[in-house]
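Results of the structural survey
One-letter residues, chain by chain:
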Amino acid sequence: MSSVIEVKNVNKVFGKNDARLQVLEDACLVINEGEFVSLMGASGSGKSTLLYLIGGLDRDFEGLIDILGTDITKLKEGKLAKLRLEKIGFVFQFYNLVQNLNVEDNILLPLTARGKSKASLEKDLKEILEITGLTEKRKTMPAKLSGGQQQRVAIARALLGSPAIILADEPTGNLDAKSTTEVMELFKKVNQEKGITILQVTHSAEAASYGNRIVNLENGKIVG
């Protein structure tokens, strides 16, 4: 089984001099294709920081991060943006939906904003709506949706481009117990049926249990 994410001796520091704070210290992590990995740690342990580094959202660090065989530390911004667009889906704690767009237009937005037509995406959109249980809600505005439904829209948006990897930062952090279960079952389904590699950051033991491997981060170090 080939690795899709490799983190080697990554160090991340915020601030300088007396205000210097080392958030990650020689962090190492390998995630293989098709894995569903839950990254756990106390608040401030560096888990979200590591996720953002893996996604190329923060490039100020020491060490090496390889995504799908590409060392992203050496990529120019344009090529990194292309890699993110084509290969990585992001899901955040806050749904980041556009309130004046309906469900299907929110899902389509990242690709239509880059020139793809709605007609060319219709087949893929129908499949994603079905997988996420949103077919009947495709014309609904975000304000009419529950928190769990809004997060499913965000997941559908991340899935539309058929990414190889989904990076999820506390995806159930704003959800009640029922919605948490629904969202985590959806992640599990996507992982098993589509073979998409998932790395989620979570403080919830329940959410973490849906992964097939739990990795712990303590004081900036991977401990298992």
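Everything below is about the structure printed above this text.
In this text the structure is predicted, and so the values were computed from the model without any measurement.

1. Observations regarding the layout of surface pockets
Considered as a void within the structure, the largest pocket measures approximately 430 Å³ in volume. Along its surface, the largest pocket is lined by 18 residues, and R84, L85, I88, F90 and P110 are the ones closest to its centre. When contributions to the lining of the largest pocket are tallied by element, the ones reaching two or more residues are helix 2 (77–87), strand 6 (88–91), helix 3 (103–112) and helix 5 (147–159). Its residues placed into classes, the lining of the largest pocket shows 12 nonpolar, three polar and three charged. Considering only enclosed or pocket space, the second largest pocket measures out at about 160 Å³ in volume. Lining the second largest pocket we find N11, K12, V13, G15, R20, Q22, D60, F61 and E62. For the lining of the second largest pocket, the element with the most residues is strand 1 (residues 3–14), which contributes three residues. Its residues assigned to classes, the lining of the second largest pocket comprises two nonpolar, three polar and four charged.

2. Quick word on unusual backbone geometry
You will see that N96, though not glycine, has its phi angle at about 55°, which is positive. Turning to its location among the elements, N96 is positioned in the loop between strand 6 and helix 3. If you check the backbone angles, S162 has positive phi at about 50° while not being a glycine. Among the structural elements, S162 can be located in the loop between helix 5 and strand 7 (165–169). You can call S162 exposed: its relative accessible area is 55%.

3. Examining the packing of helix 3 against helix 4 (residues 118–131)
In the contact formed by helix 3 and helix 4, the axes pass within 11 Å of each other and the chain directions differ by 125°. Between helix 3 and helix 4, the crossing angle belongs to the class labelled oblique. The interaxial crossing formed by helix 3 with helix 4 has right-handed handedness. Across the interface between the two elements, V103, E104, D105, I107, L108, L111 and T112 from helix 3 touch K118, L121, L125 and L129 from helix 4. Grouping the constituent residues of the contact of helix 3 with helix 4 by class yields seven nonpolar, one polar and three charged.

4. A few points about the pairing of strand 6
Side chains of strand 6 alternate between two faces, with I88 and F90 and G89 and V91 buried alike. With four bridges connecting them, strand 6 and strand 7 associate as parallel partners. Bridge pairing in strand 7 places F90 opposite L167.

5. Things to note about the sheet that holds strand 4 (residues 62–67)
Strand order in the open sheet formed by four strands is 2-1-4-5, with antiparallel pairing between adjacent strands. Both edges of this open sheet fall to strand 2 (21–32) and strand 5 (70–71), since each of them pairs with a single strand only. Pairing of strand 1 with strand 4 involves five bridges; the strand directions are antiparallel. Across the sheet, residue V7 finds its bridge partner in strand 4, namely I65. Across the face of the sheet, helix 1 (residues 47–54) comes into contact with strand 1, strand 2 and strand 4 while running at roughly 120° to strand 1.

Thresholds, definitions, all that
Residues numbered from 1 in each chain as written. Predicted model: local features only at pLDDT ≥ 70, side-chain atom pairs only at ≥ 80, totals over all residues. Heavy atoms only, no water. 1 Å grid on protein atoms, 1.4 Å probe; cavity = no way out; pocket = protein on both sides within 12 Å on 5 of 7 lines; lining within 4 Å. Points joined across faces, edges and corners; volume = space filled by probe spheres on them. Helix = DSSP H or I, 4+ residues; strand = E, 2+ residues; numbered from the N terminus. Nonpolar A, V, L, I, M, F, W, Y, C, P; charged D, E, K, R; others polar. Buried < 20%, exposed > 50% of the residue type's maximum accessible area, 1.4 Å probe, protein only. Axes fitted to C-alpha atoms, helices over the stretch in contact; angles between N-to-C directions. Parallel < 35°, antiparallel > 145°, perpendicular 65-115°, else oblique. Left-handed = near helix turned anticlockwise from the far one by under 90°. Contact = heavy atoms within 4.5 Å. Pairing = 2+ DSSP bridges.

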